[in-house]
Amino acid sequence: MTDSANSSDVITDNGADAPPGSLWQRMKADPQYAPEHLALEAVRRLGPEAAAWAERARADNPDRTPDQLADIAIKRFTNLARISGAVSGATGLPGAVLDVGVLAWNQARMVLHIAAVYGHDPSAPERATDLLVLQRVHKVAQTARLALGVAAGRERAEQLFAGAGNRPLSGVMLRLGVKLAQMAGIRAAKRMFAKVIPGASIVLGTWVNSAATKDLARRSREQFKQAPAPPERSLSPGRQ
C-alpha cells in the first residue's frame, strides 16, 4: 500500500472534535432545541470536511468498497467516543454536559462521513433531518424538519434570548444535558447524571458512549447504503 493510501485512513481533527463555542452559546440559550442547533451546525461545519475526506479516500484507494471506507470512519469515531467518556465528568455537572455534547457532535460527524462514502452529500440540508432521526431525537423526518425550522428561526433571532443568562445556570445545564444525552443515545437520564460522580463517569462513559456510537453507526450504514443518493442541493451559508 502506498503512502497516499495510508493517508486516507486518517481523519484529521482540525479542531472539529468538539462543538464550537458559538454553538454551545446557542444551545445554552435555547436548550429545548439543542439537538436541532447541533444538527444544523454539524451539517454546515462538518459536511464539507466529510465530503472532502470521502473524495480523497476514494481517489487514493479505488479498490476499496464504500463498506470498507465506512469502517474507517466508524472505527475512528467509536474510539473518540471511548476517549470522551474516559476523560470528562470529574468536574461535576458542566463536565457531564460537556461529555454528552462532545459525544453527540462526534456522532453527527460520523454519520456525515458514512453518508459521504455512500454517495450522499453530507452538506445537503436533508442531512440535518437524517441526523435527528438516526439519533432518535425525532421518530420521523417530517417532525424533524419542523423542529429544524423552529431552531433555524431562533438562530436568526438570537436577540430574543438576551435574558437567558438570568435563568439559574444549573437549571439550564440540566435541561441541556438531558437533551444532548438523548441525542447521543444515552437513553436513561440517570446514567447521564451518574457521570457527575467522579469515577462513575469513567466506567459509564467508556462503554455507554461506545455502545451508543456503534448502534448509531449500524443504523446509519443501513440507511445510506439501501438506495442510490438522489441529487441534493448543498447547504448555503445562512440558509437551512
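Analysis parameters
Residues numbered from 1 in each chain as written. Predicted model: local features only at pLDDT ≥ 70, side-chain atom pairs only at ≥ 80, totals over all residues. Heavy atoms only, no water. Core = buried A, V, L, I, M, F, W, Y, C linked by side-chain atoms within 4.5 Å. Buried < 20%, exposed > 50% of the residue type's maximum accessible area, 1.4 Å probe, protein only. Helix = DSSP H or I, 4+ residues; strand = E, 2+ residues; numbered from the N terminus. Contact = heavy atoms within 4.5 Å. Axes fitted to C-alpha atoms, helices over the stretch in contact; angles between N-to-C directions. Parallel < 35°, antiparallel > 145°, perpendicular 65-115°, else oblique. Left-handed = near helix turned anticlockwise from the far one by under 90°. Nonpolar A, V, L, I, M, F, W, Y, C, P; charged D, E, K, R; others polar. Expected span 1.5 Å × (residues − 1). Bend = angle between axes of the 7 residues up to and from the residue. Salt bridge = Lys/Arg side-chain N within 4 Å of Asp/Glu carboxyl O.

In the annotation of an unreviewed UniProt entry, the chain is listed under the name EcsC family protein and assigned to Paractinoplanes abujensis.

K.L.:
An account of the nonpolar core is needed here, citing residue identities and associated values.
P.N.:
M27, L38, W53 and L180 are the most contacted members of the largest nonpolar core, which has 59 residues in total. For this core, the secondary-structure elements that each account for two or more residues are α2 (21–29), α3 (34–60), α4 (66–87), α5 (93–117), α6 (126–134), α7 (141–155), α8 (169–183) and α10 (200–225). Counting residues per element, this core draws most heavily on α5, at 14 residues. Filtering out sequence-adjacent residues up to four positions away, M27 remains in contact with A34, H37, L38, L176 and L180.

K.L.:
Explain the packing of α3 against α5 to me, and be specific about the residues and the numbers.
P.N.:
Packing of α3 against α5 brings their axes to within 8 Å, and their N-to-C directions diverge by 45 degrees. Between α3 and α5, the angle is such that the two are oblique. In terms of crossing hand, the pair formed by α3 and α5 is right-handed. A class-by-class count of the residues in the contact of α3 with α5 yields 14 nonpolar, 3 polar and 5 charged.

K.L.:
Describe α3, with residues and values.
P.N.:
The first and last C-alpha atoms of α3 sit 37 Å apart over 27 residues, in line with the 39 Å expected at 1.5 Å per residue. Along its length, α3 shows its largest kink, about 45 degrees, at L46, and proline P48 lies within four residues downstream of that point.

K.L.:
Pulling in residues and values, what's your account of the pattern of salt bridges?
P.N.:
All told, the structure shown has 15 salt bridges when counted by the stated rule. In this structure, K225 and D67 form a salt bridge, with 3.2 Å as the shortest nitrogen-oxygen distance. Here the residue K225 occupies a position in helix α10, and D67 occupies one in helix α4, the gap between them amounting to 158 residues. For D71, the salt bridge is made with R221, and the minimal N-O distance between the two is 2.5 Å. Of this pair, D71 sits in helix α4 while R221 sits in helix α10; the two residues are 150 residues apart in sequence, bridging distant segments of the chain. A relative accessible area of 18% places R221 in the buried class. When salt bridges that share partners are traced, they join R136, D215, R218, R219 and E222 into one network.

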